[in-house]
Amino acid sequence: MSIKQSLLVSVAVGAALAGAGAASAQSASRPANAQAQAQAQAPAEAEGTVIVTAEKRAQSIEKVPVAVSAYTSKQRDLIGIQTIQDLTDFTPGLAYSTSLDRAFIRGVGRQTNNLSTQPGVATYVDGVYNASVTSAAGDTLFLDRTEILRGPQGTLYGRNAIGGAINAISRAPSNTFYSEGRATVGNYGVYDGEAAVSGPVNDQLRLRLAGEYNNQDQGFFKNVAGGPSEGGSGHNWYVEGQADANITPNLEAWVKADAYGLDSTYRASNNNAPYDTDYALLGSLGPNALFAYNPCFGVAQTVACSNPASPSTFGIGGTYTQVGTVTTNPGVNNIRDFNTATPEHANTTDDYNIDLHLTYNTPWNFDIKYVGGYTHYKYHLTTNYDASAVTSLTIPCAAGAFLCSGPTVIYPTTIFNYFEDKTYFSNEVDFASTGNSNLQWIAGVYQYEEFYGQHIDFPSPRQTELAQPISALTFGPAAPNPNLSYYYAGQQMKEDSYAGFGQLDWKITDQIKLTGGIRYSQDTLSGTEYFRAISWGTSLAALQTYGASPIFNPALDITPYLIYGVLPGQTSPGPGVKSAPRLLANGWWARNLGQTWSAPTGTAGLEWTPDNDTLLYAKYSRGYKSGGFNAGYLYQAPETGPETLDAYEIGAKRQWFDRKLTTNLSLFYYNYDGMQIPLSVQPTSGPSQTIVYNMKQVVSYGVELETIWTPFEHAQIMFDYSYLNATIHDPNCFLDSNDPDARAPGANSRGCPAPSSATGIFPNQFQKVNGQQVPESTPNKIALNGAYTFVFEPGSLTLSASYIWKDKTYDSIFNRAYNLAPSYSQVDLTATFNDVNNRYTIILFGKNVFNTLGYDGVAGYRLNYEPYALYKTFGLIPPATYGVQLQVRFR
């Protein structure tokens with residue numbers, strides 16, 4: 001996952017709902033030949049038909065044999081679609097997690113944040129592959145339209161498009177002078193300013209310059225400790241410049257450069273669990289800050305204090321300090337309240353992007369088109385890892401502990417640092433036939449290269465005992481730990497991808513067309529991973545006996561016990577491991593990784609158009625996603641195998657009653673091999689580890705319906721429905737870290753090996769997942785929108801109302817109550833006034849007007865002293881937001 005993209009979504013949820021629509025660092029782009037595209041679009045738009053480039057040719061959406069949804073900037077403004085989450089509401093089969101910036105189409109996506117595991121839904125901005133899903137949801141001042149292609153796009157798009165592709169196309173430089181300014185104000189202290197100017201320099205050159213500044217003063221989550229609110233609050237800016245030129249009568253060029261900056265909070269989730277007040281949590285490397293709230297913590301040592309939540313039958317006699325006065329988790333009573341001492345902060349720097357398109361119209365009835373792009377960014381997130389407002393705990397010496405020199409002061413504030421530094425570029429050359437021949441073709445070659453560094457670490461800034469650890473193997477001095485970090489995991493990787501592809505469309509008769517296509521892809525991933533783990537103060541008895549003495553209670557470098565290849569007797573490493581672990585001078589252990597994966601993909605289809613208003617199609621598509629690594633932890637088997645998907649689909653598109661009703665229907669069946677699923681494994685000591693498994697098989701099927709009905713003049717009704725059943729078929733057994741002893745209702749351990757070891761108070765009992773639903777595969781989803789336009793002499797007023805309902809959805813392959821996000825509904829309202837000359841627009845909007853709790857993700861939350869998880873960490877959509885936007889245009 002890219003947390004950078006998660007943050008962009010969080011900002012967009014707040015500010016873009018107010019009409020701002022924060023443009024992402026890689027704002028959407030457009031196909032070359034902007035002038036021709038604009039001219040082709042104008043008449044079609046007038047007839048209510050959307051032109052898309054889903055198959056890399058400009059076609060009416062009703063003539064494309066693909067399950068595709070498309071949203072123009074005008075449609076988005078009228079309906080109120082501003083974010084990826086809004087696109088999810090109206091797109092059958094599309095799911096999105098705001099808190100994690102992960103997109104899923106028909107249950108296919110990416111389940112982990114590790115950058116060495118690829119996404120399953122490809123995002124393209126102006127035909128250039130982009131790692132950020134949020135790039136498809138820039139503001140309508142910048143985007144012309146967004147297209148969502150469902151099902152494998154393994155021929156024309158290829159790279160990581162096993163689940164589908166999201167295309168974003170920018171507003172291009174105009175043929176006549178145009179400028180526009182926009183201002184938005186809304187609740188939560190939202191204000192936003194945007195501006196664009198565009199027009200011709202001469203007959204051959206057109207330019208466009210646009211930018212925005214977006215601010216939100218208040219967040220969607222309240223810090224009851226008195227700190228700033230979080231979630232969407234902060235500011236960002238974006239600027240872009242475009243040039244579109246006819247260099248010669250046959251050669252066209254387009255270039256866009258953009259830059260982005262962000263300084264904001266990120267929070268998009270919270271949990272409803274009571275505080276876990278054990279002294280040291282299972283797998284922890286240091287003391288638990290929430291021990292301060294243990295019922296025995298402040299009780300005198302000589303007083304009996306028996307409590308299931310306490311590790312002692314007698315009091316500790318400790319004292320503590322904290323920010324604020326709250327001592328229980330406020331999320332239990334209000335899921336939007338939290339209590340921490342350290343605010344979250346995220347920023348994006350050095351964020352810029354350049355895209356270039358060249359199109360040569362040859363005299364031989366085909367075009368040659370070059371598409372290239374370059375992107376770089378740095379992203380840094382800091383947040384409170386100990387999830388508390390406690391700033392210190394004082395642990396007195398035990399009675400009679402003569403080796404204890406005095407009370408120990410624990411500073412439990414621990415920071416979670418996430419950093420991402422990424423550079424990637426791509427080059428593609430397409431050869432596409434032109435003219436009116438019954439045989440049309442497209443062929444091309446593709447290259448992609450990416451460099452990235454990603455790391456996480458957990459410093460405790462005031463716990464100086466961490467500075468000079470000793471080796472847990474030799475008990476001699478280990479490398480210094482100057483940043484006082486308990487844990488570091490990082491990677492520096494390089495990825496290369498190459499592909500060649502071709503597709504033929506043969507119109508046998510005026511009504512029947514055959515399509516065949518093939519692509520061959522090769523992906524190579526290599527680099528180095530790094531890891532270090534320091535433990536201190538995990539034994540309460542040791543602190544009471546010896547205090548913080550560096551002799552008797554030192555910080556221990558336990559890294560060798562947690563990684564492969566250091567301790568004697570361990571087995572050989574798995575595939576993809578290119579070196580043995582080595583100890584660096586700074587105390588990190590490092591190891592080289594590398595692997596190459598390749599696969600052919602393709603498509604075959606049949607179309608029948610019995611009349612101008614009907615399209616029937618059947619198609620087969622094969623998708624592929626490369627393997628990867630769970631890099632950064634030096635696991636014995638870090639490699640994840642590739643995924644493949646065989647998809648069968650039939651569809652019908654028809655316009656009825658003189659084109660007053662449009663219906664698009666698709667039915668699909670998937671045979672999905674190797675789905676990459678990350679699962680936590682808790683070792684007998686140290687932090688939990690995540691291992692990515694390949695599920696043997698997933699079988700999916702479903703139906704999707706999109707309708708647009710104009711019952712009478714000025715009225716329009718949209719109705720979308722999707723059904724999805726995605727079931728795991730795998731006989732193997734896996735460990736649920738939230739139910740490690742398989743006691744939760746629904747757990748099935750029949751046929752799994754009996755427990756052989758204990759982890760804390762729980763034996764590791766593996767479970768069956770055969771027959772479970774795939775995460776993020778919402779079974780049923782409905783979207784309904786009604787709009788009516790009143791026409792007056794001064795202009796027009798359009799009133800729009802939307803109702804969204806999403807079924808309950810599992811977020812884990814362990815289909816348990818604690819991994820189930822409840823169903824929810826949402827109502828949005830929009831009123832849009834346009835003056836008769838289209839010089840200005842006023843938009844009044846309300847999103848989630850009844851302030852319902854909407855869930856885009858959930859994860860089980862287990863307390864140490866309970867047999868299985870009863871609590872949840874919820875990813876939440878924004879609460880009720882409202883505001884007004886003014887658009888002013890000059891021509």
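Bear in mind the structure is a predicted one, so any value in this text is a computation, not a measurement. Every chain is numbered on its own, with residues counted from 1 as its sequence reads. A pLDDT threshold of at least 70 governs which residues receive local features in this predicted model, and a stricter bar of 80 or more applies before side-chain atom pairs are shown or counted, although totals over entire chains, interfaces and linings include all residues. By convention in this description, side-chain values take in all heavy atoms of the structure and omit both hydrogens and water.

## Some details on the sheet that holds strand β16 (residues 269-271)
Reading across the sheet, the 3 strands line up as β16-β51-β50 and stay open at both edges, with antiparallel pairing between neighbours. One side of each edge strand has no neighbouring strand; the edge strands of this open sheet are β16 and β50 (855-861). Each strand axis lies, on average, 20° off the axis of its neighbour in the sheet, ignoring direction. Pairing between two strands is assigned when DSSP locates at least 2 bridges connecting them. A run of DSSP states H or I qualifies as a helix once it reaches four residues; a run of E qualifies as a strand once it reaches two. Both are numbered from the N-terminal end. Axis definition: a line fit to C-alpha positions, over the contact stretch in the case of helices; interaxial angles, taken between N-to-C directions, run 0 to 180 degrees.

## As for the packing of aromatic side chains
In this scheme Phe, Tyr and Trp rings, the latter by its six-membered ring, pair at centre separations within 6.5 Å, and the angle between planes marks the pair as stacked below 30 degrees, edge-to-face above 60, and tilted otherwise. By the definition in use, this model includes 37 aromatic pairs. Look at Tyr124 and Tyr129: their rings are 5.7 Å apart centre to centre, the planes differ by 75°, and that puts the pair in the edge-to-face class. Throughout this description, buried means an accessible area under 20% of the type-specific maximum (1.4 Å probe, protein chains only), exposed means over 50%, and partly exposed covers the range between. Its relative accessible area of 3% is what places Tyr124 among the buried residues. Feature note: the residues Tyr385, Phe416, Phe458, Tyr487, Phe531, Tyr633 and Tyr635 constitute an aromatic cluster, connected by ring pairs. Consider the ring centre and the ring normal. A charge sits over the ring if Lys NZ or Arg CZ is within 6 Å of that centre and within 35 degrees of that normal. A cation sits over an aromatic face here: Arg106 above Phe668, 4.0 Å from the ring centre. The ring centre of Trp656 lies 4.5 Å from the NZ or CZ of Arg654, which sits over that ring.

## Some words on the side chain of Thr362
Counting through the fold element by element, Thr362 comes out in the loop between β19 (345-361) and β20 (366-384). The contact criterion used is simple: two residues touch if any of their non-hydrogen atoms lie within 4.5 Å. The contacts of Thr362, once residues within four sequence positions are left out, are Asp367 and Ile368.

## Some thoughts on the state of the cysteines
Cysteine sulfur atoms that come within 2.5 Å of each other are treated as a disulfide pair. For the structure shown, the criterion picks out 3 disulfides. Disulfide pairing places Cys296 opposite Cys305 at an S-S distance of 2.3 Å. Taking the torsion about the sulfur-sulfur bond, which here is approximately -95°, the covalent link between Cys296 and Cys305 counts as left-handed. By relative accessible area, which is 0% here, Cys296 ends up buried. With a relative accessible area of 12%, Cys305 lands in the buried category. Residue Cys733 pairs covalently with Cys752 via a disulfide, S to S 2.2 Å.

## Describing the sheet that holds strand β22 (residues 408-410)
Read from one edge of the open sheet, 3 strands run β17-β21-β22, paired in antiparallel fashion. Only two strands of the sheet have a single partner each, and these edge strands are β17 (319-322) and β22. Here the average twist between neighbouring strands, direction ignored, is 15°. Relative to β22, strand β21 (residues 390-395) runs antiparallel, the two sharing 3 bridges. Bridging across to β22, Ile395 finds its partner in Thr408.

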